[in-house]
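What follows is each chain in one-letter form.
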Amino acid sequence: ADRAGRGLGDFFDELEGFSLVETVDNADFILVSGVECIYAATDNETQPTSFERDGDFTPFLDVFRSAIDRGLPLICANPDV
C-alpha cells in the first residue's frame, strides 16, 4: 500500500514494539486514525470508503463486531472521527 502518497510515510515503522496486522484476529487493539480505509498500510488494505461523503459505516461493521467479540480496546487518534 502506498503509505507515503497518503501522508502516512514511515510513521508505523517507528512504533517500537508494535506491528500492523491484516485481520482483527491478530490484533491486540484497534487504532482509528481516519475513516478512509481499513487495515491501512497492509496487504489487506481496503479500497477507500465513502464514509466521509455519505456516513455509511457498513464497511466497518465486520471489523468492529469482531473486535467487540474479542473484547479489544479501541484507540481513536483523531478526535474528529
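The shown structure was predicted, so the numbers you read here are calculated from the model rather than taken from an experiment.

With respect to the overall build of the protein
Step number 1: Of the regular secondary structure elements, the protein holds two helices and two strands.
Step number 2: Counting from the amino terminus, helix and strand elements in the protein follow one another as β-α-α-β.
Step number 3: Counting every position in the protein, which comprises 81 residues, the buried fraction comes to 21%.
Step number 4: Counted over contacts in the protein with a minimum sequence separation of 6, partners at least 24 positions apart contribute 53%.
Step number 5: Here the protein has roughly 5900 Å² of accessible surface; of this, 49% comes from carbon and sulfur atoms.

About the criteria used
Per chain, the residues get numbers from 1 upward, laid out in the order the sequence is written. The model is predicted, so local features are restricted to residues of pLDDT at least 70 and side-chain atom pairs to those at 80 or more, both for listing and for counting; the totals for chains, interfaces and linings are taken over all residues. The side-chain figures draw on all heavy atoms in the structure; neither hydrogens nor water molecules are used. Going along the chain from the N terminus, every DSSP run of H or I of four or more residues is numbered as a helix, and every run of E of two or more is numbered as a strand. Partly exposed describes any residue whose relative accessible area lies between the buried limit of under 20% and the exposed limit of over 50%, with all areas from a 1.4 Å probe on protein chains only and scaled to the type maximum. When checking whether two residues touch, look at their non-hydrogen atoms; a contact exists if any pair is within 4.5 Å. Under the convention used here, a 1.4 Å probe and the Shrake-Rupley method define accessible areas, while residue burial counts only the protein chains that appear.

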